[in-house]
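Structural description and commentary
This is what each chain is made of:
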Amino acid sequence: MLSVEENEILTRVRAGTPMGRMMRRFWLPICSSHQLPGPDCDPLRTKLLGEPFVVFRDSGGKVGVLDEFCVHRRASLALGRVEDGGIRCLLHGWKFTTDGTILETPNHCAENVKQKIKQPAYPVREAGGMVWTYIGPKEQEPPFPHYAFFDGPGENLVVLRINTAVNYLQLYEGGTDSSHVGILHMNMMNPGWKDQTFTSGDTKASGGVKVGESDGTLSSKTAMYVSADLFASAPDLSIEDTEYGYHYAALRDGPNAEDGSETWSVRITPVMLPIGRMIPAIAFGFYVFEAPMDDTETATYVVFHGKEALDRQAMIDTMGLADERFWNDRDCNFRAGWDDRLGQDRASFGHNWSGYTGIEQEDAVIALSMGPIVDRSKEYLVPADEGVIRLRRRLLDSVKRHEAGEDPIALAVTEYADIDAPADIIIPKGSDWQSLVPNNMGLGRPTKAAAE
Ligand code: FES
Ligand SMILES: [Fe+2]
């Protein structure tokens, strides 16, 4: 449980707020490359940390991030014409390059304006299928970080953007909450659930429900995420702070070793402040970034990075985003409202646990169901929420440090390529899981969080 004041600090991201100031110290994604498919394509109107921007790709393929409203008389440049090396405002035809330089002012023949002013423009890097920008103080621009998914052929990479009308922290917390995976995502993670006995009160960590052993009939989609029926119960969590935030191991009982000794099956989730995380997955590198568009709007970027070419539509299907009632790959907005109970199909409950189809659909509607900003002073937390609790604590610590004049957590880390998120590795029970991830920048002293 948090105080009302802590909840405000964590969730408010506009300019002039403590979290808004902290997040502005980082390079952040503003759109996917897929949203700007080619030179002189349609410009994109979007927001980051409560500020409106237009993002466009010029005739040479270079991307610009400009303030949305024209410096002349404030028409939206999102209606502008993108042509001949710049974006032209529709109202009086002023034309701007990607760095905001004014090329033409058709309604004003003197040269002085071009020399004197610029459209506000921000540093841009395009990498890993995303456009990244820095909107913080000019003199504090940090080095651009490097992730493993920036490297390798483009066909091995798929980035999906999902805009959801909730505060970023609800989505971020969902990604650090292991104990919901086997329950909310039952259709995928434990497809045999309907043939099993559903009992309550006998799990170690969740204090909630436990489903019997899976029948092992994992679908091929599920097999991309897990190798066995690991999600039938809540895990024990072991958490360690790292240079960039923290990572945690979800520890579940594994099969007995040949000598009969007990094992753990381990999945490790690195959480890279202020908005990133990796998800342990078998078939590909799997990253998620929750970029706040505003206090109650979030752009989620889901990154799949395979060793071989990946099929975009297959990734959309896997995430449960193929249903155009909820989402499409053009505007990327997640649509669901209470008029039809957030699109839930309760008639399917006999064979469909949630009444939704797919992980992202389930995660997004649950986050929406909490309202735009959760009142965290009214929660009742249990040990299984320790991953979520650590996220809040590290974010609050980072804000506190920054407000005291220090650098925020993770700002000094620029090389993320060696950070690992192993999935379903078997180790002797009680052994040291950190040795599986020597490059994860652990700071020592992991704490075991789950109740026995
Ligand atoms: S408002 Fe944009 S050119 Fe006048
Ligand atoms: Fe989830």
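To start, this report covers the structure provided alongside it. (Residues numbered from 1 in each chain as written. Chains lettered and ligands numbered in written order. Predicted model: local features only at pLDDT ≥ 70, side-chain atom pairs only at ≥ 80, totals over all residues. Heavy atoms only, no water.)

1. Focus on the overall build of the protein
Each helix and strand counted, the protein has 10 helices and 22 strands in total. The contacts in the protein between residues at least 6 apart in sequence include a share of 62% that link residues at least 24 apart. Carbon and sulfur atoms make up 51% of the accessible area of the protein, which amounts to about 19,300 Å² in all. (Helix = DSSP H or I, 4+ residues; strand = E, 2+ residues; numbered from the N terminus. Contact = heavy atoms within 4.5 Å. Areas by Shrake-Rupley, 256 points an atom, 1.4 Å probe, with all protein chains shown as cover.)

2. Remarks on the environment of Gly-306
Here Gly-306 lies in strand β20 (residues 297-306). For the pair formed by Gly-306 and Glu-155, sequence separation is 151 residues and the distance between their alpha carbons is 8.8 Å. The residues contacting Gly-306, other than those within four sequence positions of it, are Asn-156, Ala-283 and Phe-284.

3. Some remarks on the coordination of the iron ion (ligand 2)
Looking at the iron ion (ligand 2), the protein donor atoms are His-180 (NE2), His-185 (NE2), Asp-363 (OD) and Asp-363 (OD), and they sit 2.1 to 2.5 Å from it. Here the iron ion (ligand 2) binds four donor atoms, and the angle range of 56 to 155° at the metal identifies the geometry as irregular. Mapping the donors of the iron ion (ligand 2) onto the primary sequence gives the spacing H-x4-H-x177-D. (Donors = N, O, S within 2.8 Å, 3.2 Å for Na, K, Ca; no water. Tetrahedral: all angles 85-135°; square planar, octahedral: opposite > 155°, others 65-115°.)

4. Re the side chain of Arg-24
Residue position: Arg-24 is located in the loop between α2 (18-23) and β1 (28-32). You can call Arg-24 buried: its relative accessible area is 8%. Within polar-contact distance, the side chain of Arg-24 engages the backbone oxygen of Leu-49 at 2.8 Å. Within polar-contact distance, the side chain of Arg-24 engages the side chain of Glu-51 at 2.7 Å. Beyond its immediate stretch of four places on either side in the chain, Arg-24 contacts Val-13, Arg-14, Ala-15, Leu-49, Glu-51, Tyr-134, Ile-135, Gly-136 and Pro-137. (Buried < 20%, exposed > 50% of the residue type's maximum accessible area, 1.4 Å probe, protein only. Polar contact = N/O pair within 3.5 Å; in protein donor to acceptor, adjacent residues only side chain to side chain.)

5. Focus: the pattern of salt bridges
What the rule picks out here adds up to 28 salt bridges. Measuring nitrogen to oxygen at the nearest pair gives 2.8 Å for the salt bridge that ties Glu-126 to Arg-57. Of this pair, Glu-126 sits in strand β10 (residues 124-127) while Arg-57 sits in strand β3 (residues 51-57); the two residues are 69 residues apart in sequence, bridging distant segments of the chain. In this structure Glu-126 comes out as partly exposed when scored by relative accessible area, which is 37%. With a shortest N-O distance of 2.9 Å, Arg-376 and Glu-173 are connected by a salt bridge. With Arg-376 in the loop between α9 (359-369) and α10 (386-403) and Glu-173 in helix α4 (residues 168-174), this pair connects stretches of sequence that are 203 residues apart. What you see here is one network of salt bridges that share partners, running through Arg-14, Lys-47, Asp-294 and Glu-297. (Salt bridge = Lys/Arg side-chain N within 4 Å of Asp/Glu carboxyl O.)

6. As for the environment of Ala-148
In this structure, Ala-148 sits in the loop between β11 (130-133) and β12 (157-164). Exposure remark for Ala-148: the relative accessible area of 21% places this residue in the partly exposed category. Residues Ala-148 and Ile-419, spaced 271 residues apart in sequence, show a C-alpha to C-alpha distance of 8.6 Å. If we ignore the near neighbours within four places in the chain, the residues touching Ala-148 are Tyr-287, His-305 and Ala-417.

7. Here's the deal with the sheet that holds strand β8 (residues 102-104)
The sheet built from four strands is open, its strands ordered β5-β6-β7-β8 with antiparallel pairing. Since the sheet does not close on itself, it has two edges, and those belong to β5 (81-83) and β8, each with one partner. Bridge count for strand β6 (residues 86-88) against strand β7 (residues 95-96) is two bridges, and the pairing is antiparallel. Note on β7: the bridge partner recorded for Ile-87 is Phe-96. (Pairing = 2+ DSSP bridges.)

8. Quick look at the nonpolar core
Counting 64 residues, the largest nonpolar core has Met-19, Val-55, Trp-132, Tyr-147, Phe-149, Phe-289 and Leu-395 as its most contacted members. Looking at which domains feed residues into this core, each of domain 1 (27-141) and domain 2 (155-448) gives three or more. Ignoring any residue separated from it by four or fewer positions in sequence, one finds Val-55 in contact with Ile-30, Cys-31, Leu-36, Pro-43, Leu-44, Thr-46, Val-63, Gly-64, Val-65 and Val-131. Counting residues in hydrophobic clusters, the runner-up holds 24 residues, among them Leu-171, Phe-304, Met-319 and Leu-321. (Core = buried A, V, L, I, M, F, W, Y, C linked by side-chain atoms within 4.5 Å. Domains from an automatic or database assignment.)

9. Describing helix α8 (residues 312-319)
When we look at burial in α8, the residues that qualify are Met-315, Ile-316, Thr-318 and Met-319. In an axial view of α8, the angular spread of the buried residues amounts to 160°, which keeps them on one side of the axis. Directly beyond the C-terminal end of α8, a positive phi value near 75° is found at Gly-320. (Arc of directions from axis to C-beta.)

10. Some points on the sheet that holds strand β4 (residues 63-67)
Reading across the sheet, the four strands line up as β2-β3-β4-β9 and stay open at both edges, with antiparallel pairing between neighbours. Of all the strands in the sheet, just β2 (44-48) and β9 (121-122) have a single pairing partner and so form its edges. Of the pairings in the sheet, the one linking β4 to β9 comprises two bridges and is antiparallel in character. By the bridge assignment, Val-65 is partnered in β9 with Tyr-122.

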